[in-house]
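Structural overview for review
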Amino acid sequence: EHPALPRAESLKDCMERVTPYYIDTIQKALDERKNVLVASSENAIRGLLMHLCEIPEDRVPEIEIPTGIPMLFDFERRCVRLLDDGQSPAPRERYNFGTGGDLLFTPSDSDATFDPHVRLDDEFIVDEVDAECDKEIAADLEAVQRVEQFYGVRGHL
């Protein structure tokens, strides 16, 4: 053990570190229309989602973040979405997100029919298509093909 390093970090300490990093670094990259992958500890992810989903501080202990589950943040609805692999039960029911898990998956517009799953065959529609969009789509398709090749699977694209 090193005497200068803390042995534990509270959610408050974690948020004091994570929130400014999100604002200063991640948000800037998103504003530049870059894709961002965040891989971190459960506490840091909970703190970030508390900020993004506007979850009251007293409800955060009710939220569990399963290890290794890819989650997408829907900025329009201000909630979490899950990649649906087609297995049953669906990821939202399969994994434990805690007693407060609904706080993650409830859209800000309170759409009662909202499905938190993103299926691999879903189509995403953009209003404006330009050369940048074409580059992004080509890069996304190339990335999917590399993953499919690596795992020996064929997707539904």
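Computed from a prediction, not measured in an experiment: that's the story for all the values here. (Residues numbered from 1 in each chain as written. Predicted model: local features only at pLDDT ≥ 70, side-chain atom pairs only at ≥ 80, totals over all residues. Heavy atoms only, no water.)

Some details on the overall build of the protein chain
- Summing up its helical and strand segments, the protein chain has 5 helices and 3 strands in all.
- Carbon together with sulfur atoms contributes 52% to the accessible area of the protein chain, which is approximately 11,500 Å² in total. (Helix = DSSP H or I, 4+ residues; strand = E, 2+ residues; numbered from the N terminus. Areas by Shrake-Rupley, 256 points an atom, 1.4 Å probe, with all protein chains shown as cover.)

As for the nonpolar core
- Formed by 24 residues in total, the largest nonpolar core has its most connected members in Leu49, Ile55, Val80 and Leu104.
- Where this core is concerned, the elements lending two or more residues are helix H1 (11–31), helix H2 (42–52), strand S2 (79–84) and helix H4 (102–105).
- Beyond its immediate chain neighbours, meaning those up to four positions away, leucine 49 contacts Glu54, Ile55, Ile65, Met71, Phe73, Val80 and Leu104. (Core = buried A, V, L, I, M, F, W, Y, C linked by side-chain atoms within 4.5 Å. Buried < 20%, exposed > 50% of the residue type's maximum accessible area, 1.4 Å probe, protein only. Contact = heavy atoms within 4.5 Å.)

Quick notes on the packing of aromatic side chains
- Per the stated rule, a full pass over the model turns up 2 aromatic pairs.
- With 4.8 Å between their ring centres and 80° between their planes, phenylalanine 73 and phenylalanine 75 make a pair best called edge-to-face.
- According to the relative accessible area criterion, phenylalanine 73 is buried, its value standing at 19%.
- With relative accessibility at 39%, the residue phenylalanine 75 sits in the partly exposed group.
- With 5.0 Å between their ring centres and 85° between their planes, phenylalanine 97 and phenylalanine 105 make a pair best called edge-to-face. Residues phenylalanine 97 and phenylalanine 105 agree in their burial class; the two are buried. (Phe/Tyr/Trp six-rings, centres within 6.5 Å; stacked < 30°, edge-to-face > 60°.)

Considering the pairing of S2
- Judged by how many residues are buried, S2 sits mostly within the fold: 5 of 6 residues are covered.
- In this sheet, S2 lies alongside strand S1 (residues 71–74) in antiparallel orientation, the contact comprising 4 bridges. When the bridges of S2 are listed, phenylalanine 73 appears paired with valine 80.
- Here S1 folds back onto S2, and the loop between the two strands holds 4 residues, one of which, arginine 78, carries a positive phi near 55°.
- Across 3 bridges, the pairing between S2 and strand S3 (residues 117–119) is parallel. Within the sheet, the bridge partner assigned to leucine 83 lies in S3 and is valine 118. (Pairing = 2+ DSSP bridges.)

Observations concerning unusual backbone geometry
- A cis amide bond links serine 88 with the next residue in sequence, proline 89, at an omega value of 0°.
- With a phi angle near 55°, glutamate 54 is a residue other than glycine that sits in the positive phi range.
- Its place among the elements puts glutamate 54 in the loop between H2 and S1.
- One non-glycine residue with positive phi stands out, namely arginine 78, at about 55°.

A few points about the environment of isoleucine 55
- Mapped onto the elements, isoleucine 55 comes out in the loop between H2 and S1.
- Separated by 48 residues in sequence, isoleucine 55 and leucine 103 have C-alpha atoms that sit 6.8 Å apart.

From the geometry alone we can't say anything about function, so treat these as descriptive.
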